[in-house]
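Read off the chains here:
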Protein chains: 2
Amino acid sequence: MDYQKVFQAFNTISPISDQAWADFRPLLESCSLKRNEYLVREGTNVNHCYLLLEGVIRVYYNKDGNEYNKTFFIPGMFPTPLTALISDQPSALSFQALVPSQLLRFSYKGFRGLFDQHRCFESLLLTILEQQWIKKERHDIQMVTNDATDNYLIFRETYPDLENMIPQYHIASYLGITPIQLSRIRAKLLQS
Amino acid sequence: MDYQKVFQAFNTISPISDQAWADFRPLLESCSLKRNEYLVREGTNVNHCYLLLEGVIRVYYNKDGNEYNKTFFIPGMFPTPLTALISDQPSALSFQALVPSQLLRFSYKGFRGLFDQHRCFESLLLTILEQQWIKKERHDIQMVTNDATDNYLIFRETYPDLENMIPQYHIASYLGITPIQLSRIRAKLLQS
DNA sequence: TCCATTCCTTAACATATGTTAATGCACAGG
DNA sequence: CCTGTGCATTAACATATGTTAAGGAATGGA
């Protein structure tokens, strides 16, 4: 069963006892999204954590009608509005499926409610945050120290095939440039 | 005694029991830095967490001889190489005092060693990471959606007086622009 | 099949920012 | 008191990137 994938994902990060898993399992549900459907809309309240099984999710913020892509999630990742959940405030970010997507989800409060009984879940969340923190810092350093051309090449390595699945203006926004500029970069890369 | 300030800082974030504090206290030490001295040098191993009592610390990364300022720490903050500590790898970042500074420090391993005995420390670290995560996300959104002029104005509000204590090229680097460009921005702001 | 929509590309132009260099101020050390 | 150093400012120029606009390929629906 697919639910087992959550166990594997969790247990790889930090060990989960059998009893803890048995108590957690009932929280799990499946969900799916069509192309361009939203997992989370900016300004709304959120309650769930997600594991992406199939598809692509983009996260972006919006200012004055302009969208700024922040990340892409591919299968195996947790496209979860962490900040909104832990601050218990409406999400500042939107999460949108760029292709038809399959996910598993569980209630954040339900998960958190297990902390007293099963400390391994608190350790798990701590470890996840630590890993995300490290990943984010490396990503930030990379984005600031490299130019758009290098970051585009790194993007292609980091998300194999993704380039062919989504419009290029989403990649441009992720890189912090216009689609026109990305097109120029691509043209230069081809001729060299 | 100054050590008490760590207790206050901790306890404000997440409650610390008396016994936990008694066991933690012996880990605390004072340290101080002269102007331009380093708390952490890129590429070195690190062992401590810090609380800044007095002074200013900048964090930056280095690529091809160019320095990119990432953050400034002012009193009350924890200028700690978190990523290096939790990944147990040499620091990719440098931490440098920009003015004479006073700090308290404690061993990260010693702190972590108290987790089994005093769960409140694990909860504390989790809460710190959560708060930092939220803060970082807001900061990222702000930096990406605003232009350099707005970010400069926000910098001045976020770090009152800091502008007069450190060279402007450090602020320019933090904003992702050249000192010349910052100078142009300042000139425009003055004339309007 | 045809048409409309979406999106990538290219060009021409405008603008913002980086680069190089010169000037002058302020401060610290001799 | 003088002088050197570090830093901010300004100008002139080069370059990169954004903007506007047009054209054309691919795709999906009628």
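Scroll up a little and you will see the structure.
The rules behind these values
- Residues numbered from 1 in each chain as written.
- Chains lettered and ligands numbered in written order.
- Predicted model: local features only at pLDDT ≥ 70, side-chain atom pairs only at ≥ 80, totals over all residues.
- Heavy atoms only, no water.
- Helix = DSSP H or I, 4+ residues; strand = E, 2+ residues; numbered from the N terminus.
- Buried < 20%, exposed > 50% of the residue type's maximum accessible area, 1.4 Å probe, protein only.
- Contact = heavy atoms within 4.5 Å.
- Areas by Shrake-Rupley, 256 points an atom, 1.4 Å probe, with all protein chains shown as cover.
- Near = heavy atom within 4 Å.
- Polar contact = N/O pair within 3.5 Å; in protein donor to acceptor, adjacent residues only side chain to side chain.
- Axes fitted to C-alpha atoms, helices over the stretch in contact; angles between N-to-C directions.
- Parallel < 35°, antiparallel > 145°, perpendicular 65-115°, else oblique.
- Nonpolar A, V, L, I, M, F, W, Y, C, P; charged D, E, K, R; others polar.
- Core = buried A, V, L, I, M, F, W, Y, C linked by side-chain atoms within 4.5 Å.
- Buried area = accessible area lost by both parts, 1.4 Å probe.
- Salt bridge = Lys/Arg side-chain N within 4 Å of Asp/Glu carboxyl O.

For this particular structure, what's the right way to read the overall build of chain A?
A tally of regular secondary structure across chain A gives 9 helices and 7 strands. Summarising its shape, the C-alpha atoms of chain A cover approximately 60 × 30 × 30 Å along the three principal directions. Residues counted as buried form 48% of the 192 residues belonging to chain A. When contacts within chain A are restricted to residue pairs at least 6 apart in sequence, long-range pairs at least 24 apart make up 70% of them. When the accessible surface of chain A is split by element, carbon and sulfur atoms take 49% of a total near 9700 Å².

Which parts of the structure should I look at to understand the protein's contact with DNA strand C?
Taken together, 14 residues surround DNA strand C, and among them Gln168, Tyr169 and Ser183 of chain A together with Gln181 and Arg184 of chain B come closest. Taking all atoms of DNA strand C within 4 Å of the protein, the share assigned to sugar and phosphate is 72%. Note that a phosphate oxygen of DNA strand C is positioned 2.6 Å from one of the backbone N or O atoms of Gln168 of chain A. Take Gln181 of chain B: an N or O atom from its side chain is 2.9 Å from a phosphate oxygen of DNA strand C.

Teacher, can you tell me more about the packing of helix H6 (residues 148-158) of chain A against helix H9 (residues 179-191) of chain A here?
What describes two packed helices is the angle between their axes and the distance between those same axes. All names here are of chain A. Where H6 contacts H9, the axes come no closer than 10 Å and their chain directions differ by 80°. In terms of their interaxial angle, H6 and H9 are classed as roughly perpendicular. When H6 is examined against H9, the residues Ala148, Thr149, Tyr152 and Leu153 are found in contact with a partner set consisting of Leu182, Ile185, Arg186 and Leu189. Of the residues assigned to the contact of H6 with H9, the class counts are 6 nonpolar, 1 polar and 1 charged.

Sorry if this is basic, but what is going on with the nonpolar core here?
A general tendency of soluble globular proteins is for nonpolar side chains to be buried together. One finds Ile16, Phe24 and Phe121 of chain A together with Ile16, Phe24 and Phe121 of chain B to be the most contacted residues of the largest nonpolar core, which totals 94 residues. Leave out the neighbours within four places in its chain, and Ile16 of chain A touches Phe7, Phe10, Asn11, Trp21, Cys120, Phe121 and Leu124 of chain A.

Can you walk me through the interface of chain B and chain A in this structure?
Chain B puts 32 residues into the contact, and the matching count from chain A is 32 residues. A combined buried area of about 3200 Å² lies between chain B and chain A, and 61% of that area is made up of carbon and sulfur atoms. Counting the surface chain B buries against chain A, the share from its top three residues, Arg119, Leu126 and Trp133 of chain B, is 22%. Here chain B and chain A share 6 salt bridges between them. Residue Glu122 of chain B pairs with Arg119 of chain A through a salt bridge whose shortest N-O separation is 2.9 Å. Between the two partners, chain B and chain A, sit 14 residue pairs in polar contact (both at pLDDT 80 or more). Residue assignment for the side of chain B that touches chain A shows that the elements contributing at least two residues are strand S4 (57-63), strand S5 (66-73), helix H3 (82-87), helix H4 (108-112) and helix H5 (119-145) of chain B.

Before we go on, may I ask you to explain the pattern of salt bridges in this structure?
Note that side chains of opposite charge can pair when their charged atoms are close. Residues and elements named next belong to chain A. Overall, the coordinates contain 16 salt bridges over all chains when judged by the stated rule. Across the salt bridge formed by Glu163 and Arg156, the nearest N and O atoms sit 3.9 Å from each other. Residue Glu163 is classed as buried on the basis of its relative accessible area, which comes to 16%. We classify Arg156 as partly exposed; its relative accessible area is 36%.

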